[in-house]
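Geometric and topological summary
Listed here are the chains, written in short residue letters.
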Amino acid sequence: MLTFTLRRLILSVPTLLFISLVIFGLLQLAPGDPMAQVPLTVPPEVKQKMREALGLGAPWYVQYYKWLIQFFWIEPKIFIDYLTNTSFLFGWLPDTAFYQGELRVISWQTRSPVMDIVVQRMPQTLWVVGLSYIVGIVIAIPIGIYSAYKHYSVFDQAGTFVTMVGFSIPPFFTGPLLIVIFSVTLGWLPSIYDTTHVVTDWESFKIQFFQMVMPVMVLALQTTAQISRYMRGAMLDNLNQDYVRTARAKGLREGVVVMVHVLRNSMIPVVTVIALGMPAIFGGAIITENVFKVNGIGQLLLTALFANDLPMVMTLTFIFAILIVLFNLIADVLYGLLDPRIRYD
Amino acid sequence: MTDQATTPDEIEVFGALTDKEPQKPPRSQWKDVWDQFRKHKGAVFGGGFLLFITLGVIFGPWLWDVDPKTLDIRNKDWRPIYTLLWDGDAKAGWSHPFGTDQLGRDILAQMIAGGRVSMAVGWLAMGLALLIGTAIGVMSGYFKRLDFLMMRFTDLVLSLPILPLTLLAVTLFRQPLNSRFGPEGGMFILIVGIIGLTSWMQTARIVRGDILALKEREFILAARSIGTTSGKIIRRHLLPNVISPIMVSATLGLATAIITESALSFLGVGFPSDYPTWGKLLADAVQRMQDYPERVLLPGIAISLTVLSVNYLGDGLRDALDPRIRGR
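Scope of this entry: the structure provided in the associated data block. Treat the numbers as computed from the prediction; the structure is a model and nothing was measured.

The rules we used
- Residues numbered from 1 in each chain as written.
- Chains lettered and ligands numbered in written order.
- Predicted model: local features only at pLDDT ≥ 70, side-chain atom pairs only at ≥ 80, totals over all residues.
- Helix = DSSP H or I, 4+ residues; strand = E, 2+ residues; numbered from the N terminus.
- Buried ≥ 20, exposed ≤ 12 C-beta atoms within 10 Å, placed from the backbone.
- Contact = placed C-beta atoms within 7 Å.
- Nonpolar A, V, L, I, M, F, W, Y, C, P; charged D, E, K, R; others polar.
- Axes fitted to C-alpha atoms, helices over the stretch in contact; angles between N-to-C directions.
- Parallel < 35°, antiparallel > 145°, perpendicular 65-115°, else oblique.
- Left-handed = near helix turned anticlockwise from the far one by under 90°.
- Core = buried A, V, L, I, M, F, W, Y, C linked by C-beta atoms within 7 Å.

Some points on the overall build of chain A
When its secondary structure is counted, chain A shows eleven helices and zero strands. Overall, the C-alpha framework of chain A stretches about 85 × 60 × 45 Å when taken along its three principal axes. When the 345 residues of chain A are sorted by exposure, 33% land in the buried category. Contacts spanning at least 24 positions in sequence make up 71% of the contacts within chain A whose residues lie at least 6 apart.

Here is the structure:
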């Protein structure tokens with residue numbers, strides 16, 4: 001298993017390199033000119049100098065190489081420095097000073113390092129996305145178990161229908177729909193997510209809770225629909241197996257049979273689906289963040305795209321790619337760990 | 001000894017072996033599929049609704065021949081006809097059954113025009129994805145030498161972040177394509193192309209798996225032994241046998257394509273502003289949804305119902321085309 005994990009880790013390096021090359025190539029082919037916003041009164045030779053200052057004068061492979069160095073070598077150094085100097089977790093380690101003031105990936109919009117902005121925006125996305133995923137899983141698994149156990153019952157039919165509906169309604173419709181119902185008509189929940197809100201006491205926690213309800217529910221609906229379908233399918237596959245009959249025959253209580261024997265076996269494919277669905281949820285967060293005005297990384301990507309901020313776009317898209325590769329790896333490893341029948345080596 | 005065969009006892013034995021009722025005519029595979037499909041109520045409704053929507057957006061402009069782009073400021077902000085049920089004074093009437101928008105454009109006509117674009121994008125992108133997916137799946141399943149390379153390539157594409165990349169490509173390549181094919185045509189080609197190019201991977205994997213299993217079967221060996229060329233084997237013997245997984249992934253592809261197009265329009269990177277699609281209508285209405293919630297609801301319901309019916313259709317097809325489930 002360890003060798004398999006290591007092999008997959010090593011294999012993911014060329015994958016990531018390929019993806020970064022694809023993204024970089026797309027950006028290179030793009031005709032958008034970052035100097036388009038510069039006033040026409042600026043003479044062309046000055047424009048040329050500005051272009052070179054942005055690093056656009058060099059051939060593409062030099063630009064690509066520099067980006068690689070900046071992303072994979074300089075940024076980790078800064079991260080390690082941060083960890084050992086100020087972070088809560090590893091602050092006790094001796095201070096390091098790997099970062100010597102090299103040029104980092106700079107955003108063309110703000111002229112500040114891209115990673116700093118990403119780190120600022122990350123918590124909002126993680127809170128909303130992470131919480132919605134957990135909520136979705138917590139709702140989905142009992143639904144899946146019960147509708148498989150009562151196959152073809154009213155609950156099963158209703159559950160299947162609801163998950164199908166949840167599967168089909170896109171988040172950019174459920175979002176406005178919920179806003180119309182709960183903030184316009186009923187006035188219970190705020191329609192805009194206020195990221196500057198700080199939780200200090202019970203009152204402010206309530207405000208935070210209320211503003212998180214809608215974005216989390218919109219994202220959770222998708223998760224719930226998907227995972228409860230898988231859960232139901234996996235349970236159905238297992239409920240008719242011989243070992244279930246054996247467990248019942250030796251006099252185990254029904255609760256133990258279903259919740260221990262069947263559930264543990266059915267969770268194997270579901271856990272991998274949960275891991276594989278994680279990156280897609282981040283992608284879906286782009287839309288949800290746009291609907292509820294959450295200033296997370298999805299919204300950052302959109303604004304960067306519209307502003308033609310290529311380094312930001314490149315880095316953010318690549319972060320999404322890293323998430324996908326990472327969670328694919330986690331899913332594969334988990335599958336092997338949970339199911340002893342599957343051995344990769 | 002031969003005349004003994006006609007003794008009464010013998011005839012009785014033969015009589016027991018023959019069928020009492022007349023033999024049923026042989027049933028074709030597609031008749032079985034149709035019978036199984038009909039049992040799935042949701043799938044029948046889904047298929048019917050999809051047919052209705054598709055025909056509606058194709059023939060709608062003849063039945064409701066109001067131009068969706070005509071501005072009529074005097075008759076702006078009409079409510080849909082059903083508001084008359086509880087509010088007799090509402091600005092509504094049969095001349096605009098779904099109401100008009102803030103510029104006085106007829107919403108029913110816009111819905112039909114938007115549906116045309118959304119469905120066209122959906123069907124074409126799905127077709128493109130199927131074409132690429134089937135080609136890659138068949139080639140990597142049939143030709144051993146290509147298999148490794150093509151499947152690694154599929155894995156790589158599968159780990160690309162699709163939505164960010166789509167956003168990226170649409171914003172970046174809008175300009176050159178628009179200048180070549182016009183703002184509407186350019187965007188159409190771009191969106192269909194991008195959705196098609198980013199959603200073929202599942203089809204390719206499924207088709208490859210089926211081809212790998214099929215090509216070891218005896219009928220392929222027989223075909224090869226009489227000297228059938230590879231191209232003929234693929235076209236005559238392999239493709240008809242993988243048609244069912246292709247059809248199932250086609251329904252999934254149609255649903256994703258419609259949702260992706262609407263999402264792009266919603267995020268403001270889709271079609272130009274005066275070119276209605278369902279996603280675009282929804283996105284434009286979000287700013288004024290306090291006063292006119294129906295403008296969000298109508299396109300949203302159209303998208304959701306279409307996708308829902310496609311998903312149900314896919315469910316039914318999967319059951320109907322699976323010979324292990326069929327007949328149960």
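We are not done yet, so read on.
Structural notes on the overall build of chain B
If you tally the helices and strands in chain B, you get twelve helices and zero strands. Counted from the first residue to the last, chain B has its helices and strands arranged as α-α-α-α-α-α-α-α-α-α-α-α. Residues counted as buried form 41% of the 328 residues belonging to chain B. Long-range pairs, those at least 24 residues apart, make up 71% of the contacts in chain B between residues at least 6 apart in sequence.

Quick word on the interface of chain A and chain B
At the junction of the two partners, chain A supplies 34 residues and chain B supplies 34 residues. Those elements giving two or more residues to the side of chain A that touches chain B turn out to be α1 (2–29), α5 (154–168), α6 (171–185), α9 (254–292), α10 (297–306) and α11 (310–338) of chain A. The element best represented in the side of chain A that touches chain B is α11(A), accounting for seven residues. Of the residues in the side of chain A that touches chain B, the class split is 27 nonpolar, seven polar and no charged.

Some words on the packing of helix α2 (residues 29–39) of chain B against helix α12 (residues 293–321) of chain B
Residue and element names in this part refer to chain B. It is the contact of α2 with α12, at a shortest axis distance of 8 Å, that shows an interaxial angle of 135 degrees. By the criterion of interaxial angle, the relationship of α2 to α12 is oblique. Classified by chirality, the crossing of α12 by α2 is right-handed. Facing V33, Q36 and F37 of α2, the residues of α12 in contact are G316, L317, D319, A320 and L321. Classifying every residue of the contact of α2 with α12 gives five nonpolar, two polar and one charged.

Considerations on the packing of helix α4 (residues 107–142) of chain B against helix α11 (residues 278–286) of chain B
Residue and element names in this part refer to chain B. For the pair α4 and α11, interaxial distance at closest approach is 7 Å and the crossing angle is 130 degrees. When the interaxial angle is binned, α4 and α11 end up oblique. Judged by residue contacts, Q110, G114, G115 and S118 of α4 engage W278, K280 and L281 from α11. For the contact of α4 with α11, the per-class residue count stands at two nonpolar, four polar and one charged.

Observations concerning the nonpolar core
Within the largest apolar cluster, 123 residues are counted, with the highest numbers of intra-cluster contacts made by A:L301, A:V313, A:L316, B:I191 and B:L282. Every residue in contact with A:V313, bar those within four places of it in the chain, is listed here: A:L27, A:L301, A:A304, A:L305 and B:L168.

Let's talk about the environment of B:A213
Residue and element names in this part refer to chain B. Along the polypeptide, A213 turns up in helix α7 (residues 201–214). Among the residues examined, A213 registers 12 C-beta atoms within 10 Å and is labelled exposed. Between the alpha carbons of A213 and D284 there is a distance of 50 Å; along the sequence they are 71 residues apart.

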